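Residues per chain, in single letters:
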Amino acid sequence: MVHKNYKWNISLEDGKKKCLQVVKKILREQKNETMETNELILLINNRSRHLHIMNHQKKKSLMNFINSTCGGFIQFVDLYDCLGIIQDGTHVKVKLIDNNTTDFNGWIHVEHPQ
């Protein structure tokens, strides 16, 4: 549930931008740029501990900000095309989808004239 009374010390855009930067950095360090959401959330909390995020003059974590403003981590991931969600049995994973690299290395794109 997204709260309507906004009392954060950072803007919604800045908070989302910081979280996206942290998530991308963590996923780039992983094999296949994929990680389970539970582990990813723990790393986000650890690596964003230095950020000064306040709500109603009380210190909060970056994940608390995301949960309060976006409705949850999965909803946050759904906002971005560069992140994807993979359901692997009972495990939910997040994958970094980098648009700069393609799986078609060595292929030539030819447009068909119409």
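Structure: above.
Cut-offs used in this document
- Residues numbered from 1 in each chain as written.
- Predicted model: local features only at pLDDT ≥ 70, side-chain atom pairs only at ≥ 80, totals over all residues.
- Heavy atoms only, no water.
- Helix = DSSP H or I, 4+ residues; strand = E, 2+ residues; numbered from the N terminus.
- Contact = heavy atoms within 4.5 Å.
- Core = buried A, V, L, I, M, F, W, Y, C linked by side-chain atoms within 4.5 Å.
- Buried < 20%, exposed > 50% of the residue type's maximum accessible area, 1.4 Å probe, protein only.
- Pairing = 2+ DSSP bridges.
- Axes fitted to C-alpha atoms, helices over the stretch in contact; angles between N-to-C directions.

Asks: Just checking my understanding: could you explain the environment of T37 for this structure?
Replies: Position of T37 relative to the elements: it lies in helix α2 (residues 37–47). With 36 residues separating them along the chain, T37 and F73 place their C-alpha atoms 8.4 Å apart. Discounting chain neighbours no more than four positions away, the residues touching T37 are F73, I74, V92, K93 and V94.

Asks: Please clarify how the nonpolar core should be interpreted in this entry.
Replies: One broad rule of soluble globular proteins: the nonpolar side chains tend to lie buried together. In terms of nonpolar packing, the biggest core is built from 26 residues, with V23, L40, I44, F73, F76 and L83 touching the most fellow members. The dominant element in this core, judged by the number of residues it contributes, is helix α1 (residues 12–28), at six residues. Those residues in contact with L83 that sit more than four places away from it in its chain are L20, V23, L27, V77, V94, K95, L96 and I97.

Asks: Hey, could you run me through the sheet that holds strand β1 (residues 34–36) in this one?
Replies: Spatially, β1-β5-β4 is the arrangement adopted by the three strands of the open sheet, whose pairing is antiparallel. Each edge of the sheet is formed by a strand with only one pairing partner; in this case those strands are β1 and β4 (83–88). Here the average twist between neighbouring strands, direction ignored, is 30°. Bridge count between β4 and strand β5 (residues 91–96): six bridges; the pairing is antiparallel. Following the sheet pairing, I86 is matched in β5 by K93. α1 rests against β1, β4 and β5 of the sheet, and its axis sits at about 95° to β5.

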